[in-house]
Amino acid sequence: MAEDFARAVEDGLKLGKRIYMGKDRAVQPPKPLPLMERSMHFYLPSAPMVYAVISDPRIVDNPDIPSYQPHVHGRLDPPALIPLQMNGVNLDVDCYGDSAFVQVSGMWRVHCVMRSRSCDCRIAVPMGDEGSILGVEIDLPTKSYSTELIGVEESKGIQNIARPEDGQFLKPHIFTLTIPKIDGGTYISMKLHWSQKLSYNDGKFTLTVPFNFPEFVTPAIRQIPKKERIQLNVNSGIASGIVYQAVSHPFQESKRNGGHISLLYEANVMTWSHTDLSFSYGVSSGNIFGGALLQSPSLYDIDQRDMFCICLFPGSQQGKKVFRKEVIFVVDISSSMRGRSLESTKNAINTALSMLSPEDSFNIIAFSDETFLYCTSMVLASEESIENASEWMSKEHSEGNGTNMLIPLQKAVEMLSSTPGSIPMVFLVTDGTVEDERKICEWMDKRMKNGGSLCPRIHTLGIGKFCNHHFLRMLAMLSRGEYGAACDLDTIDSQMQKLFSKGLSTVLANITIDAFDDHEQIEVYSSCIPDLSSESPLTISGRCQGSFPDTLKAKGILGDLSNVIIDLKIEKAMNVSLDKISARQQIDLLTAQAWFSENKQLEEKVAKLSLRTCNISEYTRMILLEKGKIERDTDTTEARKVPKKGDACQLLDSAEPKKILLQILTVGFGDLLATAENICPGSEEEILPEVAEMLNKATSNCCGRLCRHCCCLCCIRCCSKMSNQCSILLTQLCGAVACVGCSQLCALCCPQEG
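Residues numbered from 1 in each chain as written. Predicted model: local features only at pLDDT ≥ 70, side-chain atom pairs only at ≥ 80, totals over all residues. Heavy atoms only, no water.

- As recorded by an unreviewed UniProt entry, the protein chain carries the name VWFA domain-containing protein and is attributed to Gossypium armourianum.

Written as structure tokens, this is what we have:
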């Protein structure tokens with residue numbers, strides 16, 4: 001999808017050369033890159049962007065200065081995307097702890113379409129680290145649009161369903177949304193909302209917001225004023241005081257109060273910002289420290305229990321003894337992992353092995369329908385053994401068609417059952433779903449309850465969209481491990497390095513909070529508290545009924561196996577909603593628990609939290625609301641659609657908005673069918689869940705009778721590659737054998753043929 005999008009933008013830039021902007025140009029016409037310099041990433045959005053979707057090139061022209069355009073035959077399929085010019089932009093960012101809430105307000109103009117014609121406009125919202133879209137608001141002269149979340153059951157009654165390309169994640173961090181039929185010359189006012197995380201390194205938080213606009217979005221006319229503004233508010237939360245160390249734009253400090261700081265930048269510019277917003281501030285301390293924030297619920301909160309958020313910071317770990325590590329890498333090598341996924345995994349494991357100390361030990365277990373061990377016992381991480389392990393991984397193992405995960409996990413945990421004086425770890429990497437996932441979680445839960453002081457940590461990483469990410473999160477949660485995801489193949493290396501670095505840099509293990517054991521009215525969203533890594537702070541959130549304890553102490557085990565007690569200062573959270581800050585974490589943790597326990601009440605709880613905080617979840621769907629506007633006289637209460645000439649009037653929203661249901665935007669609970677067929681993540685053979693379900697029903701009876709060797713995915717592959725004549729012939733054949741299900745499938749898989 002990203003490659004198709006990039007090619008469409010490249011085509012749009014070529015098409016944009018037709019537009020005549022007059023003699024008084026501020027910038028040169030957009031020029032596509034030379035062939036040797038072209039890159040898909042260059043054409044992907046690096047800041048909030050809006051594109052005109054052009055299927056008919058004849059409508060491309062300057063709406064203000066019509067010019068002679070040479071006649072163009074035919075239509076563009078797929079459509080080209082012409083980046084719209086931006087007339088103003090405001091960026092507002094509120095940071096609290098490790099979370100940031102971003103709002104971009106801007107004005108774009110359909111500068112490339114005749115006034116008498118209209119086109120769809122596609123919005124692209126690139127987000128920062130672990131970004132989560134919260135909402136989009138669009139205001140037009142005669143209409144307005146906004147996104148909203150509704151329950152799954154409510155969504156079933158909506159008839160208007162958007163095409164996949166009209167509302168989707170182009171990449172895990174790029175959200176796109178299409179607004180239909182906007183007239184040429186129209187000004188589009190827009191607000192974009194999302195949340196993201198601040199990165200943490202060596203006692204320093206860093207915020208990075210995509211704000212790098214390409215040259216061709218600058219209005220071509222020199223007289224158009226261009227003003228950009230950035231408002232940045234930072235609340236350090238538990239940490240006292242802010243010492244910022246690096247900023248990307250010339251900010252002026254407008255307010256400072258202890259751990260709160262406000263920075264403002266605004267300027268009239270010739271061209272828009274060519275630099276992402278970047279801001280860093282330090283919270284380092286020599287020792288591990290932390291605190292707790294407490295807040296009463298709002299009047300609109302369904303849950304009227306107090307909210308709390310506990311934060312632990314690793315501090316400076318220089319000179320401190322780290323845990324000796326026993327590490328086993330459990331790697332899926334089934335056929336679906338072949339190619340890029342497996343090569344990236346091998347490279348990342350080689351890097352992780354180089355991070356081990358000579359006194360650490362490791363092993364590697366590869367699995368498909370069989371299990372392959374690098375060594376029958378743990379091996380010290382010497383240079384020779386690491387080199388031998390790299391050679392072993394580079395060899396071609398017999399790739400199987402199955403994904404048997406339980407046996408290699410049991411072998412790994414059994415191998416780590418006797419590791420005194422060290423912290424045992426298992427890194428599980430897979431791209432598939434298996435049927436016994438709940439059984440695996442139940443086994444791990446029992447193992448943790450019956451284990452010793454340092455049970456094996458299972459750190460999990462899911463590749464692609466076919467694996468059950470909620471299972472992997474639950475497995476990691478039960479074992480105090482970390483979970484990571486690489487839904488896009490381009491991020492496999494970075495996400496694996498992030499997971500390995502986090503797991504291998506544990507500084508505090510077996511963390512407990514004393515009040516949690518003695519207070520029955522405290523609910524913690526995570527069933528087990530994960531270890532504290534030097535790579536990131538640790539956040540624990542939950543709810544409390546009645547009075548919250550006056551004092552809190554965190555206990556744990558340090559790298560030298562000594563016990564430590566940390567006093568946590570309790571403060572009232574001011575000028576911020578803890579519910580809003582912890583919403584994304586709560587939804588992810590509770591969804592994993594709801595999947596594991598198959599608890600409908602937990603599912604409803606997640607849905608309500610999702611609706612209240614505007615964070616998407618597995619139990620809600622996003623819709624696009626279209627509201628028309630009507631004219632009303634200011635002197636009377638009479639409403640009419642067309643005002644009389646010269647009358648004073650105002651625009652009001654119409655009563656009944658039109659609802660358009662977007663496609664499912666979440667990762668789902670895995671795809672057993674795709675795993676069984678060993679479909680590679682990111683391949684062109686990915687199928688929509690709706691198609692797979694329909695095909696299963698349609699072929700359960702008829703296809704088995706027609707061809708005993710035919711399978712569902714074979715039909716999909718054929719439908720996706722057949723010519724127009726073949727598709728027509730297949731449709732006629734299905735009608736002849738009265739296979740209604742197959743006819744519906746052909747219409748879905750081949751929409752251009754009807």
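Structure shown, so let's carry the discussion forward.
**Some details on the overall build of the protein chain**
Right, on to step 1. When its secondary structure is counted, the protein chain shows 18 helices and 36 strands.
Right, on to step 2. For the protein chain, the proportion of its 754 residues judged to be buried stands at 53%.
Right, on to step 3. Pairs at least 24 residues apart make up 77% of the contacts formed inside the protein chain by residues separated by at least 6 positions.
Right, on to step 4. As displayed, the protein chain has an accessible area near 34,800 Å², and 50% of this comes from carbon and sulfur atoms. (Helix = DSSP H or I, 4+ residues; strand = E, 2+ residues; numbered from the N terminus. Buried < 20%, exposed > 50% of the residue type's maximum accessible area, 1.4 Å probe, protein only. Contact = heavy atoms within 4.5 Å. Areas by Shrake-Rupley, 256 points an atom, 1.4 Å probe, with all protein chains shown as cover.)

**Re the packing of aromatic side chains**
Right, on to step 1. Using the criterion set out here, one finds 20 aromatic pairs in the structure.
Right, on to step 2. Ring centres of Phe-5 and Tyr-51 lie 5.2 Å apart, and the angle between their planes is 90°; this geometry places the pair in the edge-to-face category. Taken together, the positions of Phe-5 in helix α1 (residues 2-15) and Tyr-51 in strand β1 (residues 49-54) put the pair 46 residues apart, joining distant regions of the chain. The same class applies to Phe-5 as to Tyr-51, namely buried. (Phe/Tyr/Trp six-rings, centres within 6.5 Å; stacked < 30°, edge-to-face > 60°.)

**Re the layout of surface pockets**
Right, on to step 1. What the second largest pocket holds in volume is close to 380 Å³.
Right, on to step 2. Lining of the second largest pocket is provided by 17 residues; of these, Asn-233, Val-234, Asn-235, His-260 and Asn-575 occupy positions nearest its centre.
Right, on to step 3. Listing elements by their share of the lining of the second largest pocket, those giving two or more residues are β3 (85-96), β13 (227-235), β15 (252-257), β16 (260-268) and α11 (578-597).
Right, on to step 4. Tallied by class, the residues present in the lining of the second largest pocket amount to seven nonpolar, seven polar and three charged. (1 Å grid on protein atoms, 1.4 Å probe; cavity = no way out; pocket = protein on both sides within 12 Å on 5 of 7 lines; lining within 4 Å. Points joined across faces, edges and corners; volume = space filled by probe spheres on them. Nonpolar A, V, L, I, M, F, W, Y, C, P; charged D, E, K, R; others polar.)

**Details of the confidence of the model for the protein chain**
Right, on to step 1. Residues of the protein chain with pLDDT of at least 70 account for 82%, and the chain-wide mean is 83.
Right, on to step 2. Taken as a whole, residues 639-649 scores under 50 in pLDDT and shows 18 contacts with residues more than four places along the chain or in a different chain.
Right, on to step 3. Between residues 684-725, whose pLDDT stays under 50, and residues either more than four places distant or in other chains, the model counts 46 contacts. (pLDDT = per-residue confidence, 0-100.)

**Notes on the pattern of salt bridges**
Any two side chains of opposite charge can pair if their charged atoms end up close together.
Right, on to step 1. Scanning all chains against the criterion turns up 40 salt bridges.
Right, on to step 2. Note that Arg-584 is salt-bridged to Asp-588, the shortest N-O span being 3.1 Å. Placement of the pair is Arg-584 and Asp-588 together in helix α11, with a separation of four residues, close to one helical turn.
Right, on to step 3. When its relative accessible area of 22% is taken as the criterion, Arg-584 is described as partly exposed.
Right, on to step 4. Within the structure, one salt-bridge network assembled from shared partners comprises Asp-301, Asp-303, Arg-305, Glu-523, Arg-543, Asp-579, Lys-605 and Arg-612. (Salt bridge = Lys/Arg side-chain N within 4 Å of Asp/Glu carboxyl O.)

**A few points about helix α8 (residues 469-478)**
Right, on to step 1. With nine of its 10 residues buried, α8 lies for the most part within the structure.
Right, on to step 2. Here α8 has its buried residues at His-469, His-470, Phe-471, Leu-472, Met-474, Leu-475, Ala-476, Met-477 and Leu-478.
Right, on to step 3. Residues of α8 that are buried sit in contact with α6 (406-415), β24 (422-430), α7 (437-450), β25 (457-463), β26 (483-486) and α11.
Right, on to step 4. One side-chain oxygen of the residue at the start of α8 lies 3.1 Å from the amide nitrogen of His-470, identifying that residue as Asn-468.
Right, on to step 5. Downstream of α8 by one or two residues, Arg-480 has phi in the positive range, about 65°. (Polar contact = N/O pair within 3.5 Å; in protein donor to acceptor, adjacent residues only side chain to side chain.)

**Things to note about α1**
Right, on to step 1. When the terminal C-alpha atoms of α1 are compared, their 20 Å separation across 14 residues agrees well with the 20 Å that a helix rising 1.5 Å per residue should span.
Right, on to step 2. Those residues of α1 that fall on the buried side of the exposure criterion are Ala-2, Phe-5, Ala-6, Ala-8, Val-9, Glu-10, Gly-12, Leu-13 and Leu-15. (Expected span 1.5 Å × (residues − 1).)

**Structural notes on the nonpolar core**
Right, on to step 1. Counting residues in each nonpolar core, the largest one holds 104 residues, and the members touching the most others are Val-93, Phe-175 and Ile-188.
Right, on to step 2. Among the elements that line this core, the one with the most residues is α1, at seven residues.
Right, on to step 3. Counting residues domain by domain, this core receives three or more from each of domain 1 (1-131 + 173-282) and domain 2 (289-318 + 509-570).
Right, on to step 4. Setting aside anything within four residues of it in sequence, one finds Val-93 in contact with Ala-100, Phe-101, Val-102, Leu-207, Val-209, Gln-231, Leu-232, Asn-233 and Leu-277.
Right, on to step 5. Formed by 41 residues, the second largest nonpolar core is a distinct cluster that contains Val-330, Ala-412, Cys-441 and Leu-602. (Core = buried A, V, L, I, M, F, W, Y, C linked by side-chain atoms within 4.5 Å. Domains from an automatic or database assignment.)

**What to know about the sheet that holds strand β12 (residues 204-209)**
Right, on to step 1. Judged by pairing direction, the sheet is antiparallel, and its four strands sit side by side in the order β11-β12-β17-β14 without closing on themselves. Looking at the sheet topology across the chains shown, the edges are occupied by β11 (199-201) and β14 (243-247). The sheet shows a mean angle of 25° between the axes of neighbouring strands, taken without regard to direction.
Right, on to step 2. Two elements, β11 and β12, share three bridges in a ladder whose sense is antiparallel. Following the sheet pairing, Asn-201 is matched in β12 by Lys-204. (Pairing = 2+ DSSP bridges. Axes fitted to C-alpha atoms, helices over the stretch in contact; angles between N-to-C directions.)

**Let's talk about empty space enclosed by the protein**
Right, on to step 1. Scanning the model with the defined rule gives four cavities of 30 Å³ or more in all.
Right, on to step 2. Taken as a whole, the second largest cavity encloses approximately 60 Å³ of empty space.
Right, on to step 3. Lining of the second largest cavity is provided by Leu-149, Ile-616, Ser-617, Thr-620, Arg-621, Met-622, Gln-663, Ile-664, Leu-665 and Thr-666.
Right, on to step 4. For the lining of the second largest cavity, the leading source of residues is strand β33 (residues 620-633), giving three residues.
Right, on to step 5. Classifying every residue of the lining of the second largest cavity gives five nonpolar, four polar and one charged.

**Remarks on the environment of Thr-491**
Right, on to step 1. Mapped onto the fold, Thr-491 is located in the loop between β26 and α9 (492-504).
Right, on to step 2. The partly exposed category is assigned to Thr-491, whose relative accessible area is 23%.
Right, on to step 3. The sequence separation of Thr-491 and Ser-344 amounts to 147 residues, and the corresponding C-alpha distance is 9.5 Å.

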